[in-house]
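Observations on the three-dimensional arrangement
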Amino acid sequence: MSLAKTRKINPRQLATEVVAKLDVSEICEPVEIAGAGFLNFRLKPVALAQTLAAAARGEHLFFEKAASPKTSVIDFSSPNVAKPMHVGHIRSTILGDCLARTLRLLGHRVITDNHIGDWGTQFGMLLLGWKQHLKPDALQADPIGEMERLYKLINATGEAMETVRDAARQELVKLQGGDEENLKIWREMIALSEKQFDEIYSRLGVKFDHTFGESYYNPRLKPLVDELVVKGIARESEGALAIFFEDTPQLKEHPTLIRKSDGGFNYTTTDLATLEYRLKTWHPDEIIYVTDGRQQLHFQQVFAAFRKWQNADPELRTPNSELKLAHVWFGSILGEDGKPFKTRSGETVKLADLLDEAEERALKIVSEKNPDLPETQRREIARVIGLGAVKYADLLPNRQSDYVFSWDKMLALQGNTAPYLQYAYTRIRSIFRKAEGTFNIQHSTFNIQLAAPEEIALAKHLLNFGLTLEAVAEEYRPNFLCNYLFELAGKFTSFYENCPVLKAEPTMRGSRLAMCDLTAQVLKKGLETLGIETVEQM
Ligand code: ARG
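Residues numbered from 1 in each chain as written. Predicted model: local features only at pLDDT ≥ 70, side-chain atom pairs only at ≥ 80, totals over all residues. Heavy atoms only, no water.

Tallying secondary structure elements over the chain gives 20 helices and eleven strands in all. By residue count, 49% of the 538 residues in the chain fall in the buried class. Partitioning the intrachain contacts of the chain with sequence separation of at least 6 by distance along the chain shows that 72% fall at a separation of at least 24. Total accessible area computed for the chain in this model is approximately 26500 Å², and 51% of it derives from carbon and sulfur atoms. (Helix = DSSP H or I, 4+ residues; strand = E, 2+ residues; numbered from the N terminus. Buried < 20%, exposed > 50% of the residue type's maximum accessible area, 1.4 Å probe, protein only. Contact = heavy atoms within 4.5 Å. Areas by Shrake-Rupley, 256 points an atom, 1.4 Å probe, with all protein chains shown as cover.)

Now the structure itself:
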């Protein structure tokens, strides 16, 4: 209809012309023109059956690899050194990982970079605390806890005492000036933090190609700032250097500093250096930043500053397509009282504790349902369910809205949850355990036959897997995949209730077992793309 509008002709007439030149008879019933100019396509069941048969032969799983793969850099998780990873970092980690998995599945080249916060003014206080108050035993037992204690201690005394603030500043200056002792302590703080981050990442099944961190770009900051001044992009403002965005209406009132009046560089300066490095090193088509919504202004400024720089510097231009810069932001996690999610004593929730609790709660449920399973098996199932529930609860809401963290809801076996989908998967697997004789989708002989409406509905939904994955990659919205899988499980249930499988007559039985198998494969692959594991039995 929009085409008819631009051509200034009647949509129905345009529809008639389109239909006259359209040959889809192999896959569709005759195309009908309806209403104001709609075209109704009805897939022929044989065409559906052919696509399913090809999937059954293992030729595809309802998606295609991208015809022209692109290179995407994904900057996600990015916690700060010497601080515990808290529940706020979970969304970035889980969303970013899911986007990486989706793009990879579609055949794109993906580079993941954990941009950890390993530089900044907090190190002045940390160094001072380390030198004056470090408890080696505590450091050994819980490194991040001890570093956090030191930071809080100096921060609190510094508030009251000018001398402490000064001493911390001195330590920072020494670190920045390359003092050996301070550098050594700083490196140790990073190593200890990374060790703890890695434990969480391995629990979550998240991997990074690189963890350069902010400090990696330090040597580039001064020359970069000089260059921006020479190119007329940055200018002096009250003793500091700033970039102004006069021609961008929403940023007019929001210049960004790239050098403070004390000579220190900013978060923005580092991000510009990082962008330049990524562009020149990996030649990406897009760079995706996954952080919470409070950083929106920051990234608008970084992107706008970079565009100015690109205009002034041919070396930063991308010959084939414009570099896409995407800030994929998300809302907060709220407690059941609607306020930011905290522990009962009012502290931020540490990620490790949260994952422990998820597994414990899942273990209770699993043990109630299957008291006879051996404990190791129950624990393994609980691990998969607990982690899956937390991840899914994070991926399911529209990422830009806040969501309420509720253990009962996310662990429920009914409703749009990971356990429900994992359970749907095990139910299908159990059909195969009950099927007498061995059915093997790639080796058994059968013809896909689609007759019952529930069967056709399931087949069509399977076909939508690829479109869903593409939409996730295009709009950076894993919730599309969650909802797709939830609907798939629902469509499978109606199919299974209405179409006998094991009791069907032999020709139908093979076809329906194949439908079961394909549904299980898509469920498993879909969950895997969300970063969620499956088990054979729950
Ligand atoms: N470390 C930052 C934080 O915890 C996130 C960094 C995001 N990435 C970036 N390139 N700025 O808020």
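Looking at the ligand, the residues that line it are Asp 75, Ser 78, Asn 80, His 89, His 115, Tyr 267, Asp 271, Tyr 289, Thr 291, Gln 295 and Phe 299. With respect to the ligand, the side chain of Tyr 267 contributes an N or O atom lying 2.8 Å from a nitrogen atom. With respect to the ligand, the side chain of Asp 271 contributes an N or O atom lying 2.8 Å from a nitrogen atom. Across the complex, the protein chains shield 88% of the 350 Å² of accessible surface that the ligand would expose by itself. Of all the secondary structure elements, the ones that give two or more residues to the shell around the ligand are α11 (267-282) and β8 (286-292). Of the residues belonging to the shell around the ligand, the class tally is three nonpolar, six polar and two charged. (Near = heavy atom within 4 Å. Polar contact = N/O pair within 3.5 Å; in protein donor to acceptor, adjacent residues only side chain to side chain. Nonpolar A, V, L, I, M, F, W, Y, C, P; charged D, E, K, R; others polar.)

As a further point, take helix α16 (residues 418-434). Taking 1.5 Å per residue, 17 residues should reach 24 Å; α16 reaches 24 Å between its end C-alpha atoms and fits that length. Within α16, twelve of the 17 residues are buried, which leaves the element mostly enclosed by the surrounding structure. Restricting attention to buried positions, one finds in α16 the residues Ala 418, Pro 419, Tyr 420, Leu 421, Gln 422, Ala 424, Tyr 425, Thr 426, Ile 428, Ser 430, Ile 431 and Phe 432. On the buried face of α16, the contacting elements are α14 (375-395), α15 (407-411), α19 (479-498) and α20 (506-529). The N-cap residue of α16 is Thr 417: its side-chain oxygen and the backbone nitrogen of Tyr 420 are 3.1 Å apart. (Expected span 1.5 Å × (residues − 1).)

Take the sheet that holds strand β7 (residues 256-259) next. Pairing in this open sheet of three strands is antiparallel, and the strands run β5-β6-β7 from one edge to the other. The sheet terminates laterally at β5 (234-237) and β7, the two strands that pair on one side only. The sheet shows a mean angle of 45° between the axes of neighbouring strands, direction not considered. In this sheet, β7 lies alongside strand β6 (residues 240-243) in antiparallel orientation, the contact comprising three bridges. By the bridge assignment, Ala 242 is partnered in β7 with Leu 257. In the packing of α11 onto the sheet, the strands contacted are β6 and β7, and the crossing angle to β7 comes to about 80°. (Pairing = 2+ DSSP bridges. Axes fitted to C-alpha atoms, helices over the stretch in contact; angles between N-to-C directions.)

Turning our attention to unusual backbone geometry. Of note in the backbone geometry, Phe 62 takes a positive phi value of approximately 65° without being a glycine. Residues other than glycine seldom take positive phi values, yet Ser 78 does so here, at roughly 45°. As for its placement among the helices and strands, Ser 78 is situated in the loop between β3 (71-75) and α4 (87-105).

Attention now goes to the sheet that holds β3. The strands that make up a sheet are held in pairs by hydrogen bonds between backbone atoms, and each pair lies either parallel or antiparallel. Reading across from one edge, β4-β3-β8-β9 is the order of the four strands in this open sheet, with parallel pairing throughout. Among the strands making up the open sheet, the edge pair consists of β4 (109-113) and β9 (324-330). The average undirected angle you get between the axes of adjacent strands in this sheet is 20°. Pairing analysis gives four bridges linking β3 to β8, with the strands arranged parallel. The residue of β8 that forms the bridge with Asp 75 is Tyr 289.

As a packed pair, α14 and α16 sit with axes 8 Å apart at the nearest point and diverge in direction by 130°. In terms of axis orientation, α14 runs oblique to α16. Across the interface between the two elements, Val 384, Ile 385, Gly 388, Ala 389 and Tyr 392 of α14 pack against Ala 418, Pro 419, Leu 421 and Gln 422 of α16. (Parallel < 35°, antiparallel > 145°, perpendicular 65-115°, else oblique.)

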